[in-house]
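Below are the chains, spelled out letter by letter.
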Amino acid sequence: MAGTDTSIKIELLPSPAVILCEPQLGENIGTAARAMANFGLWDLRLVRPRDGWPNEKAVAAASRADHVIERVRVFDTLEAAIADLTLVLATTARSRDLQKEVIGPDEAAQRMAAQVAAGRGVGLLFGREKWGLLNEEVALADTIVTLPVEPAFASLNIAQAVLLLAYEWRRHSQMGDKLPFSAAMADVAPREELLGLFGHLESTLDGSGFFTAPDKRPTVINNLRTMLERGKFTSQEIRTLRGVISSIDRRHERPNPNRQKPQKQESTEE
């Protein structure tokens, strides 16, 4: 879906922070930032990124999510990264030997939305690309959130996981009912224009000899009218259909370029 519009000002509304623990690849940081930007998140925190920060590969992969990349904060410890947060959700696809509540993305989003609306800090915690979060990191979170993935293939790319939870957050937040655009549907044509289409089509069919069984004409007419009425055509669409009908009706008036001209017979006289 291509739809970045640089003419629209980005408003940094209160939203959850995303904390990446020891991310290894700059590309994953960048694509996570892009996923955040898609759904209105902008607070990205990195704990000991392997390749340091800033990271050119992350910037490139972010695809112009500059407002996220420019605000990245780097921390030496997870404790420091989450110190200002009231609710921290640890994401994992693996069962942990911890007495922690486990919830799905829908409930997680509802809780995040309620906390943010109340002016409290919320964070989503993500682990490393290879092995995710350590148990001691999960222990620092309030709750575990996991996704309804296939148990035999549960691992997600960091950006995929961020995207899914960011989407759920936005869906349950005050921004969830705002679509970027709406359908520019024209009004349905006035009834008189539809009746004109009926009459035009029926007179053309009469003239072409379509109704070979006069006793069945009313039934066929009713079926045609029902089909056309169901279309809820606009005025432009009705004009187009009537133009098509007129073109078919006048076909005998136009020269047929495919019709072969009769060839002159050569004289056999000597």
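**Here we look at the sheet that holds strand S4 (residues 87-91)**
Alright, step 1. Reading across from one edge, S3-S2-S1-S6-S4-S7-S5 is the order of the seven strands in this open sheet, with parallel pairing throughout. Only two strands of the sheet have a single neighbouring strand rather than two, namely strand S3 (73-75) and strand S5 (102-103).
Alright, step 2. Sheet analysis places strand S2 (residues 43-47) next to S3, joined by three bridges and oriented parallel. Paired with valine 47 across the strands is phenylalanine 75, a residue of S3.
Alright, step 3. Against the sheet, helix H1 (residues 26-38) makes contact with strand S1 (17-21) and S2, and its axis sits at roughly 155° relative to S2, the strand it touches most.

**So, the pairing of S4**
Alright, step 1. S4 sits mainly inside the fold: five of its five residues count as buried.
Alright, step 2. With burial as the criterion, each face of S4 is covered, one bearing Leu87, Leu89 and Thr91 and the other bearing Val88 and Ala90.
Alright, step 3. Relative to strand S6 (residues 122-126), S4 runs parallel, the two being bridged by four bridges. The residue of S6 that forms the bridge with leucine 89 is leucine 124.

**Remarks on the nonpolar core**
Across soluble globular proteins, you tend to see nonpolar side chains buried next to one another.
Alright, step 1. Counting 36 residues, the largest nonpolar core has Val18, Leu20, Leu44, Phe126 and Val162 as the members making the most contacts within it.
Alright, step 2. Secondary-structure elements contributing two or more residues to this core are S1, H1, S2, helix H3 (66-69), S4, helix H5 (105-117), S6 and helix H7 (158-172).
Alright, step 3. With near-sequence residues (within four places) excluded, valine 162 lies in contact with Val18, Ala32, Ala35, Met36 and Phe126.
Alright, step 4. Counting residues in hydrophobic clusters, the runner-up holds 15 residues, among them Cys21, Ala81, Leu85 and Val88.

**Some thoughts on the environment of phenylalanine 126**
Alright, step 1. Relative to the assigned elements, phenylalanine 126 resides in strand S6.
Alright, step 2. Residues contacting phenylalanine 126, with those up to four places away along its chain left out, are Val18, Ile19, Leu20, Cys21, Thr91, Leu133, Ala161, Val162 and Leu165.

**Looking at the packing of H5 against H7**
Alright, step 1. Contact pair H5 / H7: the axes reach a minimum separation of 8 Å and the direction vectors enclose 55°. Compared by their axis directions, H5 and H7 come out oblique. Like other packed secondary-structure pairs, H5 and H7 cross with a definite hand, here right-handed. Residues Pro105, Asp106, Ala109, Gln110, Met112, Ala113 and Val116 of H5 touch H7, and the partners they reach there are Leu165, Glu168, Trp169, Arg171 and His172.

Each value, and the rule that gives it
- Residues numbered from 1 in each chain as written.
- Predicted model: local features only at pLDDT ≥ 70, side-chain atom pairs only at ≥ 80, totals over all residues.
- Heavy atoms only, no water.
- Pairing = 2+ DSSP bridges.
- Helix = DSSP H or I, 4+ residues; strand = E, 2+ residues; numbered from the N terminus.
- Contact = heavy atoms within 4.5 Å.
- Axes fitted to C-alpha atoms, helices over the stretch in contact; angles between N-to-C directions.
- Buried < 20%, exposed > 50% of the residue type's maximum accessible area, 1.4 Å probe, protein only.
- Core = buried A, V, L, I, M, F, W, Y, C linked by side-chain atoms within 4.5 Å.
- Parallel < 35°, antiparallel > 145°, perpendicular 65-115°, else oblique.
- Left-handed = near helix turned anticlockwise from the far one by under 90°.

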